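Structure at a glance
Residue strings, one per chain:
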Amino acid sequence: MELELFQASVARMDLLGLPLSVLGAALACLLAGIGSVIGVSVTGQAGAGLLTEKPNAFGIVTVIEALPGSQGIYGMVIAFLYLTFFKIGQAEQLPIDFATGLSILFACLPAAFTCLLSAPYQGKVCAAGMHMIAKDDKAGGKVIPMAALVETYAILGFLISLFLLLNIQSGLTA
């Protein structure tokens, strides 16, 4: 009797596998997107101020403002790879039990949180770069490497999430 109750409990928990995995992919996309919205907004505000003084700087301002938006793309790519790797919504969808769903949820978190946190800080670096350009038109080339250093950590989080998802997927197909 106790074994049957345990097996029924495990079966009910396995029903949570797919929702947990979807939550992980959604968090990667959502949190990374929020970080990018904040970062692009901070940069855009500084860029708008710069353009009132130097309208000819529109090209470099646009490039620099776009930089914090890349983290949102990383989160979206992680969510897309989850859908692709595990064939979500397809006839050949891989089985996702509770443990696998929890693993996928945790695998998506490095990208979710590094992108959430790095994009606003990259936005601040880019906004400071707008102030540099306001003082020196030739400073635009110096801003991009500084902003790229902040983005390095978003890329690392993205890569860890990617490798974890690949390992989980290969364990299901082996």
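Report follows, based on the coordinates.

Now for the overall build of the protein chain. Secondary structure assignment for the protein chain yields 6 helices and 0 strands. For the protein chain, whose C-alpha radius of gyration is 21 Å, the value lies well above the compact-globule estimate of 16 Å for 174 residues. If you line up the protein chain on its principal axes, its C-alpha atoms span 80 × 25 × 25 Å. Of all intrachain contacts in the protein chain linking residues separated by at least 6 positions in sequence, the fraction that spans at least 24 positions is 85%. In the form shown here, the protein chain has an accessible surface area of approximately 9300 Å², with 73% of it arising from carbon and sulfur atoms. Distance between charge centres in the protein chain, computed from 7 positive and 10 negative side chains, equals 17 Å.

A word on the environment of Ser21. With respect to the element layout, Ser21 can be found in helix H2 (residues 17-53). The class for Ser21 is buried, based on a relative accessible area of 0%.

Our next topic: the packing of H2 against helix H5 (residues 98-135). Put simply, H2 and H5 touch, their axes get as near as 7 Å, and they point 0 degrees apart. Overall, the two elements H2 and H5 adopt an arrangement that is roughly parallel. A per-class count over the contact of H2 with H5 returns 29 nonpolar, 10 polar and 1 charged.

Further remarks concern the packing of aromatic side chains. Following the criterion strictly, the structure yields 2 aromatic pairs and no others. Geometrically, the ring pair formed by Tyr74 and Phe158 is tilted, given 5.6 Å between the ring centres and 40 degrees between the ring planes. With Tyr74 in helix H4 (residues 70-85) and Phe158 in helix H6 (residues 140-173), this pair connects stretches of sequence that are 84 residues apart. Across this residue pair, the class does not change: Tyr74 and Phe158 are buried.

For the rest of this paragraph, the subject is a nonpolar patch on the surface. Judged by side-chain polarity, Ile160, Phe163, Leu164 and Leu166 come together as a nonpolar surface patch covering roughly 330 Å² of accessible area. Mapped onto the secondary structure, Leu166 falls in helix H6.

It is worth spelling out the side chain of Glu151 at this point. Within the secondary structure layout, Glu151 lies in helix H6. Buried and without a salt bridge, Glu151 has Lys124 as its closest oppositely charged side chain, separated by 17 Å. Engagement of the side chain of Glu151 in a polar contact is seen with the side chain of Ser70, the distance being 2.5 Å. Here Gln122 takes part through its side chain, which lies 3.0 Å from a polar atom of the side chain of Glu151.

Definitions and limits used
Residues numbered from 1 in each chain as written. Predicted model: local features only at pLDDT ≥ 70, side-chain atom pairs only at ≥ 80, totals over all residues. Heavy atoms only, no water. Helix = DSSP H or I, 4+ residues; strand = E, 2+ residues; numbered from the N terminus. Rg over C-alpha atoms; globule rule 2.2 N^0.38 Å. Contact = heavy atoms within 4.5 Å. Areas by Shrake-Rupley, 256 points an atom, 1.4 Å probe, with all protein chains shown as cover. Lys, Arg positive; Asp, Glu negative; His and termini not counted. Charge placed at Lys NZ, Arg CZ, Asp CG, Glu CD. Buried < 20%, exposed > 50% of the residue type's maximum accessible area, 1.4 Å probe, protein only. Axes fitted to C-alpha atoms, helices over the stretch in contact; angles between N-to-C directions. Parallel < 35°, antiparallel > 145°, perpendicular 65-115°, else oblique. Nonpolar A, V, L, I, M, F, W, Y, C, P; charged D, E, K, R; others polar. Phe/Tyr/Trp six-rings, centres within 6.5 Å; stacked < 30°, edge-to-face > 60°. Patch = residues over 30% accessible without salt bridge, like charges linked within 9 Å, V, L, I, M, F, W, Y side chains within 5 Å. Salt bridge = Lys/Arg side-chain N within 4 Å of Asp/Glu carboxyl O. Polar contact = N/O pair within 3.5 Å; in protein donor to acceptor, adjacent residues only side chain to side chain.

Honestly, it's all geometry; don't read function into it.
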